[in-house]
Amino acid sequence: MGKRKQIKDGDVDMGGVDPQVADDSSDEEDIDMVNVDFEWFDPQPAVDFHGLKNLLRQLFDTDAQIFDLSALTDLILAQPLLGSTVKVDGNESDPYAFLTVLNLQEHSDKPVIKDLTTYLSKKASSTPSLAPLAQLLSQSPTPPIGLILTERLINMPSEIVPPMYTMLQEEIAWALADKEPYNFSHYLVLSKTYEEVESKLDAEESRPQKKKKKAAAEQGERFFFHPEDEVLQRHAACFGSAEYTHKADEGLSDSKRAFQDMGIRTAASLILLEPGTLESAIKDMVEYLKPPV
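Residues numbered from 1 in each chain as written. Predicted model: local features only at pLDDT ≥ 70, side-chain atom pairs only at ≥ 80, totals over all residues. Heavy atoms only, no water.

### Some points on the packing of aromatic side chains
And then number 1: Scanning the entire structure with this criterion turns up six aromatic pairs.
And then number 2: Consider the rings of Phe60 and Phe67, whose centres lie 4.9 Å apart with planes at 45°: the pair is tilted. The exposure classification of Phe60 matches that of Phe67, with both residues buried.
And then number 3: Grouping aromatic residues by their ring pairs yields a cluster made of Phe60, Phe67 and Tyr119. (Phe/Tyr/Trp six-rings, centres within 6.5 Å; stacked < 30°, edge-to-face > 60°. Buried < 20%, exposed > 50% of the residue type's maximum accessible area, 1.4 Å probe, protein only.)

### Observations regarding unusual backbone geometry
And then number 1: Cis geometry marks the peptide bond from Ser140 to Pro141; its omega dihedral reads 0°.
And then number 2: As for its position among the elements, Pro141 is in the loop between α4 (131-137) and β6 (145-152).
And then number 3: Despite not being glycine, Asp61 has its phi angle at roughly 55°, a positive value.
And then number 4: Positionally, Asp61 belongs in the loop between α1 (49-60) and α2 (69-77).
And then number 5: Unusually for a residue other than glycine, Lys179 sits at a positive phi of about 60°.
And then number 6: Locating Lys179 in the fold gives a position in the loop between α5 (161-177) and β7 (186-197).
And then number 7: Classification of Lys179 as exposed rests on a relative accessible area of 77%. (Helix = DSSP H or I, 4+ residues; strand = E, 2+ residues; numbered from the N terminus.)

### Describing the environment of Pro163
And then number 1: Relative to the elements of secondary structure, Pro163 occurs in helix α5.
And then number 2: Given the relative accessible area of 0%, Pro163 is considered buried.
And then number 3: Between the C-alpha atoms of Pro163 and Ile282, which are 119 residues apart in sequence, the distance is 9.1 Å.

### Here we look at the pattern of salt bridges
And then number 1: This structure, assessed with the given rule, holds 11 salt bridges.
And then number 2: What you see here is one network of salt bridges that share partners, running through Glu195, Arg222, Glu243 and Arg265. (Salt bridge = Lys/Arg side-chain N within 4 Å of Asp/Glu carboxyl O.)

### Digging into α5
And then number 1: Its 17 residues give α5 an end-to-end C-alpha distance of 25 Å, which sits within 8% of 24 Å, the value for a rise of 1.5 Å per residue.
And then number 2: Among the residues of α5, Val161, Pro162, Pro163, Met164, Tyr165, Thr166, Met167, Leu168, Glu171, Ile172 and Ala175 are the ones counted as buried.
And then number 3: Once α5 finishes, Lys179 follows within two positions and takes phi at roughly 60°, a positive value. (Expected span 1.5 Å × (residues − 1).)

Written as structure tokens, this is what we have:
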């Protein structure tokens, strides 16, 4: 049976606000309240494979086809005492979120990690702001970089994230005390950004009220899928976004506009952290994601 994580007082605060689900058939002010109890667990090989694989596919977006996600999921599940999943229906249910770290040096002989390292190196080399990361990944052997992978369902509250990072930091300390290979030279967070683009549907309609949206889209401003990434970037040695290798179909930006009027175009996000900055980054993350009183 999977071990339920112990959340210490103050680790997570939902501010008394439950996740909300809007009723499309009602007025904007008519909100249905849904009570949800979140539970943190160690990754469980017996029950989490399909849920984690689906979250990895979501994380890698259009480039998911490049990687053997089954092998990557197995690798994550092979270290069940490192990392967390978040569930709402007990241990036997699928994870709604996860966070883990993989040692790129320790697993450098595994094909999926070779593919990942090559992929990350190419993205870093093509992005000027990621030059320090490109230099690290060009070394042979690969330095002991801890690749942090984390993803969650789109309607999960961001307040669940700081506890996962806090527990990961504790688990790495315990693993080091047991002389396990988690003494990282750097941490590399793989995530996503997006920019708003003019909806193809709106362009076909050519409605005057869409002009402001088009102007905003043309500015190319990038936004975070995960708000905690904004905090991590403040502490980063370097960071940047890179276009996906596999371009999305034209209609995909419209398919991703469920929660806004504009279409969106996603990109890979890479954030490189030095080990000494992780603790302060997590502390800032807790404060940043604390709900308003």
